[in-house]
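In case you want the letters, here they are:
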Amino acid sequence: MNRFQYARPETVAEAVALLEEYGDDARLLAGGTDLVIELRNRWVEPKVVIDLKHIPELTPSITVRDDVLSISASTVMTDIAEDELVQRHFPALVEAAVVVGSVQIRARATLAGNICNGSPAADTSPPLLVYDAVVVIAGPEGTRRTPVDDFIVGPGKTSLGRGELVTAVELPIPQRPFGAAYTRLTRRRGTDLASITLCCGVDTDGHTRLAYGSVGPRAFLEIDDTGTLADPSVSIEEKVAPLDQLFHRASPSPKSLRASPDYRLAMLRVLGARALETALGRLTKEQV
Amino acid sequence: MNETLTINTTINGRSRSIEVEVNHTLLDVLRDEVDLTGTKECCVVGECGACTVIIDGRPMNSCLMLAVEIDGSEVTTVEGLEIHGELNVLQASFLDESAAQCGFCIPGQLMSATALLHDNPDPTVEQVQEGLAGNLCRCAGYEQITKAVLAAAKEAMR
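Just so we're clear, the structure is a prediction, and the values are computed from it rather than from any experiment.

Caption draft 1: Just the nonpolar core, in detail. One finds C199(A) and C200(A) to be the most contacted residues of the largest nonpolar core, which totals 135 residues. Setting aside residues up to four positions removed in sequence, C199(A) forms contacts with A92(A), P126(A), P127(A), V130(A), A180(A), A181(A), Y182(A), A211(A) and A275(A).

Caption draft 2: Molecular detail of the sheet that holds strand β13 (residues 208–213) of chain A. Residues and elements named next belong to chain A. Spatial ordering of the open sheet is given by β11-β12-β13-β14, a layout of four strands whose pairing is antiparallel. Each end of this open sheet is capped by a strand with a single partner; those strands are β11 (178–185) and β14 (220–224). The mean inter-strand angle of the sheet, taken between neighbouring strand axes irrespective of direction, is 15 degrees. Judged from the eight bridges that link them, β11 and strand β12 (residues 196–203) form a sheet pairing that is antiparallel. Each residue of the ladder has a partner; that of A181, found in β12, is C200.

Caption draft 3: Inspection of the pairing of strand β10 (residues 165–172) of chain A at higher detail. All names here are of chain A. Here β10 lies mainly inside the structure; six of its eight residues are buried. By the bridge criterion, five bridges tie strand β5 (residues 68–72) to β10 in an arrangement that is antiparallel. Following the sheet pairing, I71 is matched in β10 by V169. By the bridge criterion, five bridges tie strand β6 (residues 134–139) to β10 in an arrangement that is antiparallel.

Caption draft 4: Spotlight on the confidence of the model for chain B. With 100% of its residues at a pLDDT of 70 or more, chain B has an overall mean of 96. This prediction of the complex comes with two scores: 0.95 for pTM and 0.96 for ipTM.

Caption draft 5: View of unusual backbone geometry. One non-glycine residue, D132(A), adopts positive backbone phi at about 60 degrees. Within the secondary structure, D132(A) is located in the loop between α8 (125–130) and β6. Overall, D132(A) belongs to the partly exposed group, with 16 C-beta atoms counted inside 10 Å. Even without glycine at this site, S98(B) takes up a positive phi of about 50 degrees. With respect to the element layout, S98(B) can be found in the loop between α2 (89–96) and α3 (106–119).

Caption draft 6: Quick peek at the domain arrangement of chain A. Residue and element names in this part refer to chain A. Here the domain parsing of chain A yields domain 1 (5–54), domain 2 (57–172) and domain 3 (178–287). Counting residues at the interface gives 21 residues for domain 2, matched by 22 residues for domain 3. In terms of residue class, the side of domain 2 that touches domain 3 is made up of 14 nonpolar, four polar and three charged.

Caption draft 7: Examining the packing of α2(B) against α3(B) more closely. Residue and element names in this part refer to chain B. Contact pair α2 / α3: the axes reach a minimum separation of 10 Å and the direction vectors enclose 130 degrees. When the axes of α2 and α3 are compared, the pair comes out oblique. Seen from above, α2 lies across α3 with right-handed handedness. Contacts between α2 and α3 pair L90, Q91 and F94 from the former with I106, L110, A113, T114 and L117 from the latter.

What counts as what
Residues numbered from 1 in each chain as written. Chains lettered and ligands numbered in written order. Predicted model: local features only at pLDDT ≥ 70, side-chain atom pairs only at ≥ 80, totals over all residues. Core = buried A, V, L, I, M, F, W, Y, C linked by C-beta atoms within 7 Å. Buried ≥ 20, exposed ≤ 12 C-beta atoms within 10 Å, placed from the backbone. Contact = placed C-beta atoms within 7 Å. Pairing = 2+ DSSP bridges. Helix = DSSP H or I, 4+ residues; strand = E, 2+ residues; numbered from the N terminus. Axes fitted to C-alpha atoms, helices over the stretch in contact; angles between N-to-C directions. pLDDT = per-residue confidence, 0-100. Domains from an automatic or database assignment. Nonpolar A, V, L, I, M, F, W, Y, C, P; charged D, E, K, R; others polar. Parallel < 35°, antiparallel > 145°, perpendicular 65-115°, else oblique. Left-handed = near helix turned anticlockwise from the far one by under 90°.

Here is the structure:
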């Protein structure tokens, strides 16, 4: 690791000021499960590492206010998976949080860090897209909110500007029955990066939200309002074609060692159908 | 801002005040400064779990943390498991089941198993496998390791 200064701001304003001053020479530290590897391998050589864990408003917390669930920036995957409110309202996010890395990684890795790191294979991106999450960003101009779909840009890229940092991720609690499920494809059980990440959500008005990742530069959200996919009386065979259309943006890399493009595309349909069935099953249960 | 920092932490029940380089990992400091070499360095990317320690009740990879991050925390390493110089139930169970072959992964396996049994004193086979999925054993002694954890759980509940 190169030598760097370690900063431990106690307010968001201090952190923003440091980011503004150092720009690309600063790196934010939340869980560190990506950053410490990058530091050790000298993929990044910052002048300053800014530890966010001593800022009171960013310490781990999951709260609900005005039907919006807010997850603070240093909340880790284990906190999310264990939280009763998240379990009740956002089961697909729990399903994604519990498969990130291993127990050790989940005790350390944050949700905010997962999306800021910008991996196309980030497990939490698809559920956040399906649940219409909003990213809360602090910066020199104050606080702004942006849909997660606009926040995610591409590999290692987000819409964060100079001096900006994520303070929380907000999820609107569905006010009408909504069933959602997350699933992924890996080479083996246990610790592995996903070859496909996929989340599907359905409501009773015929809307289907489907998000998939690890088959292109970022996770994509597709919305189907035809009612066919969300109709439990339509057979899964009849849904294959409309489902396939939702995957039009999939462009898996032939260079990846994890899975070939053909395999990923074939499995995308399988996982899509599975997640849709599970989501519909959950929707039916919600209505009982 | 600092290049070195004095941190206050409790390691294996003993309060310590340590001056650390801010670019040193917890693993480096445990092994090289505190002289607790039971915690092993192996993959240094958070995949193998040989460096696992318990911090404030949760197992974590000490290779993926800066030492400054444990300021104010309680750390348990494999050296903290023994009770008055005797192996604890889990350690004895690893010995009884011949769970250690080359032994290099065992400190990490023990720490993950300790955290698992603390949260879930009566785990199923699947729960043990999931709890220890972040700990690789290149000797592939998984059967014996799983058996040892289950046997320790049984023993502790007697």
